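Spelled out, the chains give:
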Amino acid sequence: MNNAPNHDPTSVKLVLSAPLSGLLVPIERVPDPVFAQKMVGDGISIDPLDQCLRAPCDGDIAQLHPAGHAVTLTTPQGIEILMHIGLDTVGLKGAGFAPRVKLGDRVRTGDTLIEFDADFIATRAKSLLTQIVITNSDRVAAFTMHSGVVTTVRDVIMELTLAGGAQAAEASVEAAKTVISEAILIPNPTGLHARPAAVLANIAKKFKADIRLRKDDRQVNAKSVVAIMGLEIGFGDKVVLAARGDDAEAAIATLTPLLWEGLGDEGYAPAPAPASFAVSVKAAPAPRPRSDDPSLLIGAAASPGLAVGEVFQVRHAEILVTETAEGDPQQERDRLDEAVNQSRVQLEALQARLHGQSAADKAAIFAAHQELLDDPDLLDIAHSALAKGKSAAFAWQRAFTTHAERLASLRNELLAARANDLRDVGRRVLTLLTGAEPERMEPPVNSILVAEELTPSDTASLDRNRVRGFCTTLGGATSHVAILARSLDIPAVAGIEPRALDLPNGTPVILDGGKGTLRLNPTPEEVARIRRTQERQADRRTVELAAAHQPAITLDGHRVEVVGNIGGLADAEQVSALGGEGVGLLRSEFLFMERATAPNEDEQFEAYKAIAEALGPDRPLIIRTLDVGGDKPLSYLPIPKEDNPFLGERGLRVGLDRPEILRTQLRAILRAAAFGKVLIMFPMVGLLSELRDAKAILEEERQQLGVGPIPTGIMVEIPAAAVMAAQFAREADFFSIGTNDLTQYTLAMDRGHPKLAPKVDGLNPSVLRLIAWTVQAAHAEGKWVGVCGGIASDPQAVPLLIGMGVDELSASLPTIPSIKAQIRSLRLSECRQQAQTALTLETAADARALCPDPFTEAV
Ligand code: PEP
Ligand code: MG
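Residues numbered from 1 in each chain as written. Chains lettered and ligands numbered in written order. Predicted model: local features only at pLDDT ≥ 70, side-chain atom pairs only at ≥ 80, totals over all residues. Heavy atoms only, no water.

## As for the pattern of salt bridges
Rules: We define a salt bridge as a contact between a side-chain nitrogen of Lys or Arg and a carboxyl oxygen of Asp or Glu at a distance within 4 Å. For the purposes of this entry, the term helix denotes a DSSP run of H or I that reaches at least four residues, the term strand denotes a run of E that reaches at least two, and both are numbered from the N terminus. Each residue is assigned to one of three classes by its accessible area relative to the maximum for its type, calculated with a 1.4 Å probe on protein chains only: buried under 20%, partly exposed between the two thresholds, exposed over 50%.
Counted by the stated rule, this structure contains 38 salt bridges. Glu-80 is the salt-bridge partner of Arg-212, the closest N and O atoms lying 3.8 Å from each other. Linking Arg-212 in strand E17 (residues 210–215) with Glu-80 in strand E7 (residues 80–84), this pair joins segments that are 132 residues apart in sequence. On the basis of relative accessibility, which here comes to 5%, the residue Glu-80 falls in the buried class. Here the salt bridges do not stand alone but share partners, grouping Glu-601, Asp-602, Arg-663, Arg-667, Arg-671, Glu-700 and Glu-701 into one network.

Structure, rendered in structure tokens:
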């Protein structure tokens, strides 16, 4: 039949002999989309007739799944061959499989790899079909698949022509061994969705090494966003990184901690959600409800706010492409490269045009689009179509639609929603390639857009003077469009009932982005009432902004300082325009994340100095020392794995354990103090000895620098610090209560936990009592107290905090004008009474009922 396997390592051909006897089955026919759609790579399947998996060629065992059902062999040319016995066999947890090799073993063609009990497996698993897949298929220029019945070792199952130029690289890759990371548990509540996947791919691309991300028995190219998303990695999933090549060690050392810390995913350590909206974002997708009322359509709340207007249906025109290339493959490839480059420039320009509070969020979405343009898997599909004489437009369209369909079919709604991003960026390139007229949406004034799907690009270019809101039948609250809508402050509903698409243009509607509804044909009275409410809200914001520079003094003459929480220079530059009276919390972590080494003293000094100067000489700047560790490690600060990272080495504990890091930061802060009104704050202080040790280090550094002392306070965010506030108040110059952590530790509920987070409410009377106790103890020692946790921005908490005697509120920047306005409408005497009552209540809901949100107007 198929004889004479070739095992020459210098050959451009690699011939694989049958690892099993049986019938060869094309991989596309395997009843598992992961294999059939070649998400793991290209290959072939065998319906086995024997029970012993053998090496199809010479190589090293690069991976052996603990369940014994899958093994990966790396050939001398660096080709990785995954052999996966059966479908859904991981669930057998090793029963029926007897591996005969171990990780790192060198094997020859025909050596036994795994023996298995075919009868046992066949009666318990979905199928015995055994997949032989090349996981780095990008290294293969052409596959020749054989067919028919094969006999183990004697016959050939596939022949690979290795990609040109790959060999030299392979030789050096081969010389190096595979470096494998420890097992990493994914901390991101919503798994590795597009943004963290893009961060990972982006950083992985900085290394020359071939880097793979493995989950269970599947592994993908860690430089491909799409491939990473295809792994459907969820919260708590265990993954491993494997790298081969010159800088493999460095790659693993850099990427491992980043994965542990959530890859900068904002969903990982969210501030508590005072608004119900933030909770709904994190909630698991519920089955989509349908309304019985013909004039009410229901969807998911995607961006809060009310909009009144008329329906405007948005449809994307299909872009027609010619299949066959006009030029030769190289010319078509040049055209594709040019269009991809131009798209990159367009996306850069889009990001540069973004302003305002959420510019960073929005920019991150378009940065993720740029990342997709570099995706090796995507380009791989396009290039192989080009090689077959297809036009650049056709090749590109096929590449992005194939990937988008793959994503859309994933079970994870969050990942499926990323298909829209891929189509968006895909259309951008396609428009350039075909010279199609870029689509311009020209809705009339007061439009409520209705679409199956809007792309992030559509949303970013919306004319706010015409569009009042939008709803889409696809997507959910976690889609990028929803994130953009929130940052643009446009009410939006996602996943609305499909009958919305049949509404004629011009139908009068009310869109409620907070409730997730679209009401048809409202009465003129209803419309008028909503318009009045909206006008009042808009007027209120204008008035608040105009008065933002006035101090926040209650009606009975009590002044509360309102400052902001910031994460870097860009935020600092907005503080004064919003009426912020300083910075109550600079999270200095921003300087330390996503880099391979700690910033040196001069770098830190320059950064703190720039922020101090942006605030000017009169606005205080409280710099919190590095608050990382345990749950958010840095690669250059390795911390042994901990069972309970939130209770492990975090915050100041890390600084005291690695004093060189703390000393460098303190010196930089002491030097920057000459350029503003700088204060120092230590995070996560639980013991008096910790404060004393940190202060001693600060004093040593201060004396060495020969500068004056600066006020030094602590975050009160561990219940022990609140309970011992009287003792701490003698030794700290001020307190700032970190209610995010204080609530998490008081209630023993992880603040980022997808199910528990909604209950982690800082208005729980247990937390309020700790706050009241802390304030009392501080004031008795003549020290002031701020609150920098999320409840400082929560209008329902503000009267209670003021009533308990809190002197300073450090709020999120956009809320500063309204918090100041609210304070001006309050009376200290009434706040005190409310606070006294709140301390006697039983639940957070009771406390919230005591202080209804003054800005929520009944409509
Ligand atoms: C807090 O814990 O309330 C706080 C402000 O600190 P962070 O959110 O940075 O942990
Ligand atoms: Mg904290």
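## Considering the pairing of strand E32 (residues 677–682)
Just so we agree on the cut-off: Two strands are counted as paired when DSSP detects at least two bridges linking them. Handedness of a crossover: with both strands directed away from the viewer, a clockwise path from the first strand across the helix to the second marks it as right-handed.
By the criterion of burial, E32 is predominantly enclosed, with 5 of the 6 residues buried. In the sheet, E32 pairs with strand E33 (residues 712–716) via 3 bridges, with the strands oriented parallel. When the sheet's bridge partners are listed, Met-681 is paired in E33 with Gly-713. Running through helix H20 (residues 688–705), the crossover from E32 to the neighbouring parallel element E33 is right-handed.

## Here we look at the pairing of strand E35 (residues 784–787)
Both strand E34 (residues 734–737) and E35 contribute to a ladder of 4 bridges, which runs parallel. By the bridge assignment, Phe-735 is partnered in E35 with Val-785. Bridge count between E35 and strand E36 (residues 808–812): 2 bridges; the pairing is parallel. Within E36, the residue paired with Val-787 across the bridge is Leu-809. Handedness of the β-α-β unit built from E35, helix H25 (residues 798–803) and E36 comes out right-handed.

## Some thoughts on the sheet that holds strand E23 (residues 447–451)
As a general point, the strands of a sheet are linked pairwise by backbone hydrogen bonds and lie either parallel or antiparallel. Filter applied, for reference: Comment: axis = line fitted to C-alpha atoms, over the contacting stretch for helices; angle = value between 0 and 180 degrees taken between N-to-C directions.
A sheet is described by the order of its strands in space; here 8 strands give the open sequence E20-E27-E26-E22-E23-E24-E25-E21, paired in mixed fashion. What marks the edges here is a single partner per strand, and that holds for strand E20 (296–298) and strand E21 (300–303). On average, each strand axis in the sheet is tilted by 30° relative to the strand beside it, whichever way the strands run. Bridge analysis of E21 against strand E25 (residues 492–494) gives 3 bridges, and the strand direction is antiparallel.

## As for the site of ligand 1
Formally: Being near a molecule or strand, for a residue, comes down to having at least one heavy atom within 4 Å of it. Counted as a polar contact is a pair of N or O atoms within 3.5 Å, where, for protein atoms, one must be capable of donating a hydrogen and the other of accepting one, and residues adjacent in sequence contribute only when both atoms are in side chains. Every accessible area reported is derived by Shrake-Rupley at a probe size of 1.4 Å, with residue values counting cover from the shown protein chains alone. Charged residues are taken to be Asp, Glu, Lys and Arg, nonpolar residues to be Ala, Val, Leu, Ile, Met, Phe, Trp, Tyr, Cys and Pro, and polar residues to be all remaining types, Gly included.
Taken together, 13 residues surround ligand 1, and among them Arg-587, Arg-624, Gly-738, Asn-740 and Arg-751 come closest. Arg-624 places a polar side-chain atom, nitrogen or oxygen, 2.9 Å from an oxygen atom of ligand 1. Calculation on ligand 1 without its partners gives an accessible area of 290 Å², and the protein chains cover 97% of this total. Of all elements in the fold, only strand E30 (583–587) and helix H23 (739–747) reach the threshold of two or more residues within the shell around ligand 1. In terms of residues, the shell around ligand 1 owes the most to one element, H23, which gives 3 residues. Taken together, the residues of the shell around ligand 1 break down into 3 nonpolar, 4 polar and 6 charged.

## So, the packing of helix H10 (residues 376–387) against helix H11 (residues 392–408)
The test is simple: Here the angle decides the label: under 35 degrees means roughly parallel, over 145 means roughly antiparallel, 65 to 115 means roughly perpendicular, and every other value means oblique. The handedness criterion is simple: a crossing whose near helix is rotated anticlockwise from the far helix by less than a right angle is left-handed, and one whose near helix is rotated clockwise is right-handed. What makes two residues a contact is simply this: any of their non-hydrogen atoms within 4.5 Å.
At a minimum axis distance of 8 Å, the contact between H10 and H11 shows a crossing angle of 140°. On the basis of their axis angle, the class for H10 and H11 is oblique. Classified by chirality, the crossing of H11 by H10 is right-handed. Every residue of H11 that contacts H10 at Asp-377, Leu-378, Leu-379, Ile-381, Ala-382, Ala-385 and Leu-386 is listed here: Ala-392, Ala-395, Trp-396, Arg-398, Ala-399, Phe-400, Thr-402 and His-403. The residue makeup of the contact of H10 with H11, split by class, is 11 nonpolar, 2 polar and 2 charged.

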